[in-house]
Structures are given as structure tokens and as C-alpha cells.
Amino acid sequence: MVMDVHALLSVCVGVCVASNLDTSFPLLKKGGDGSLFGLSVALHRHLRTDSYLLLVGAPREKAEPNVPANRTGGVYSCPITDDQSDCSRMKLVDPEDLVEDMWLGVSVASQGQPGGRVLTSTKMASKVRQE
Ligand SMILES: *[C@@H]1O[C@H](CO)[C@@H](O)[C@H](O)[C@H]1NC(C)=O
């Protein structure tokens with residue numbers, strides 16, 4: 001199954017309840033071919049920088065180097081910018097816990113408040129981490 005999913009989202013950041021309701025803008029981020037990048041997305045507010053981030057799951061992403069698996073999936077953290085390729089891969093799982101074809105990032109969720117927890121899941125397990 002080869003699918004190319006891009007995260008095309010309309011994200012409302014900031015004062016969306018003010019007089020101008022039309023403050024949304026399209027946000028386009030690209031991931032690896034066949035990685036199913038964008039299958040899951042969540043908006044998260046980072047505590048240290050007090051900025052919004054987009055968490056993007058790519059459950060068919062290749063494994064990182066030095067991991068004893070070829071394809072693990074991954075979760076990316078994407079700043080809210082118009083750069084399509086500024087996402088960085090998050091280190092959510094210890095390398096020794098990564099197994100072949102685990103579909104990491106099949107779903108992602110944010111607790112919502114700044115510095116809240118980030119939840120991601122695989123085919124077998126869920127992982128919660130404070131960001
Ligand atoms: C990774 O791919 C190689 C080549 O296809 C294969 O021989 C190896 O068994 C795979 N590794 C895992 C952990 O599945």
C-alpha cells in the first residue's frame with residue numbers, strides 16, 4: 001500500500017474569537033514518501049517556548065539509524081510556519097523499545113494546556129510524555 005498523505009490543515013492560532021473570525025491560514029507540511037505522514041495530527045502548546053506546535057504521526061516512517069528495525073513509524077513536531085520541511089522527529093520511545101512495523105504515531109493527541117502531556121500510540125501500546 002503506497003499512499004502519500006500530506007498534513008493540510010487550517011489552524012486557528014491566537015485570537016480567533018476576536019472581531020476578525022477569518023484568521024485561519026492553510027499550513028502545509030511534507031513527510032517521507034510512503035510514511036503515511038499526516039495520518040494523525042494534534043495541536044500542542046509547548047511550555048518552554050509558549051508556542052504552538054503541530055504533532056504529526058507518520059506510522060509507516062523508516063526507522064532512525066542505529067535502531068534494530070527497518071520501519072517503525074514516527075512522530076514529528078512541526079512549528080507553525082509556512083516552511084513545508086521544518087518538522088523534527090520526536091524521541092518518544094527508547095531505541096530498545098522500537099520494533100519492526102510497530103506503527104508508532106498511528107494516533108497522537110495533546111492534553112491541550114501549555115506543557116501538557118503528549119500521547120502517541122502504536123499498534124500495541126500507548127506512550128505518554130510530558131513536553
Ligand atoms: C530489514 O530489512 C532487511 C532487508 O529486507 C531484512 O533482511 C531484515 O530482516 C529486516 N529487519 C527487520 C528487523 O525486520
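Residues numbered from 1 in each chain as written. Predicted model: local features only at pLDDT ≥ 70, side-chain atom pairs only at ≥ 80, totals over all residues.

A. Main features of the sheet that holds strand β3 (residues 40-45). Sheet architecture is open: 4 strands sit in the order β3-β4-β5-β6, paired in antiparallel fashion. A single partner strand is all that each edge strand has here, and the edge strands are β3 and β6 (88-89). Relative to strand β5 (residues 74-79), strand β4 (residues 52-58) runs antiparallel, the two sharing 6 bridges. Considered in β5, the bridge of V56 is made with Y76. (Pairing = 2+ DSSP bridges. Helix = DSSP H or I, 4+ residues; strand = E, 2+ residues; numbered from the N terminus.)

B. Fine view of the environment of K30. Mapped onto the elements of the fold, K30 is located in the loop between β2 (25-29) and β3. In sequence terms K30 and D86 are 56 residues apart; their C-alpha atoms lie 8.9 Å from each other.

C. Region of interest: unusual backbone geometry. With a phi close to 45°, D50 is a non-glycine residue in the positive phi region. When you line up the elements, D50 lands in the loop between β3 and β4. Owing to 9 C-beta atoms within 10 Å, D50 belongs among the exposed residues under this scheme. Not every positive phi belongs to a glycine, and D101 is a case in point at roughly 55°. Mapped onto the elements, D101 comes out in the loop between β6 and β7 (107-110). (Buried ≥ 20, exposed ≤ 12 C-beta atoms within 10 Å, placed from the backbone.)

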